[in-house]
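# Fold and contact review
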Amino acid sequence: MTSSIVIIPSMLKPLRQARVYGFLIERGDAVYHLGGSRPACSTALAMKMVEGGWLVKLGFRYEPTEQGLRAAE
């Protein structure tokens, strides 16, 4: 799948955390890795990554797609 949304540097941290932890959790207006106290990114940026095919949203969880896993390398 080719994304129309280009990966930008601020997307790398949440994608790397999603790769390490398996998923990210939405809390309020930010997204965190499980047990994290510092946000990986805003929910707005996470939704842009969903639109671009980098993450998939399942309830309050954001999981990396195959494309997202490759981008985090």
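Scroll up to find the structure.
As a starting point, this report considers the structure included with it. (Residues numbered from 1 in each chain as written. Predicted model: local features only at pLDDT ≥ 70, side-chain atom pairs only at ≥ 80, totals over all residues. Heavy atoms only, no water.)

Once that is clear, we can look at the overall build of the chain. Summing up its helical and strand segments, the chain has three helices and five strands in all. Ordering the α and β elements of the chain from the N terminus gives α-β-β-β-α-β-β-α. Computed over its C-alpha atoms, the radius of gyration of the chain comes to 11 Å, within 12% of the 11 Å expected for a compact globule of 73 residues. Projected onto the principal axes, the alpha-carbon positions of the chain cover approximately 30 × 20 × 20 Å. Looking at the chain residue by residue over its 73 residues, the buried ones come to 40%. Residue pairs at least 24 apart in sequence account for 45% of intrachain contacts in the chain once pairs closer than 6 positions are excluded. (Helix = DSSP H or I, 4+ residues; strand = E, 2+ residues; numbered from the N terminus. Rg over C-alpha atoms; globule rule 2.2 N^0.38 Å. Buried < 20%, exposed > 50% of the residue type's maximum accessible area, 1.4 Å probe, protein only. Contact = heavy atoms within 4.5 Å.)

We now examine the environment of L34. Within the secondary structure layout, L34 lies in the loop between β2 (30-33) and β3 (41-42). For L34, the residues in contact, after removing those within four places along its chain, are F23 and I25.

By size, the foremost hydrophobic cluster in this structure holds 14 residues, and its most contacted members are M11, L15, V31, C41, M49, L55 and Y62. Elements supplying a minimum of two residues to this core: α1 (9-21) and α2 (43-52). Among all residues touching L15, those that are not within four sequence positions of it are I7, M49, W54, L55, G68, A71 and A72. (Core = buried A, V, L, I, M, F, W, Y, C linked by side-chain atoms within 4.5 Å.)

Turning our eyes to something else, we now look at the pattern of salt bridges. By the definition in use, this model includes three salt bridges. A salt bridge links K48 to E51, with the nearest nitrogen and oxygen atoms 3.8 Å apart. Taken together, the residues span about one helical turn, with K48 and E51 both in helix α2 at a distance of three residues. Given a relative accessible area of 42%, K48 falls into the partly exposed group. Given a relative accessible area of 54%, E51 falls into the exposed group. A salt bridge links E63 to R61; the shortest N-O distance between them is 3.0 Å. (Salt bridge = Lys/Arg side-chain N within 4 Å of Asp/Glu carboxyl O.)

Looking now at the environment of P14. Following the sequence through the fold, P14 ends up in helix α1. Linking P14 and D29, residues 15 residues apart in sequence, is a C-alpha distance of 14 Å. Setting aside chain neighbours within four positions, we find P14 in contact with L24, A40, C41 and M49.

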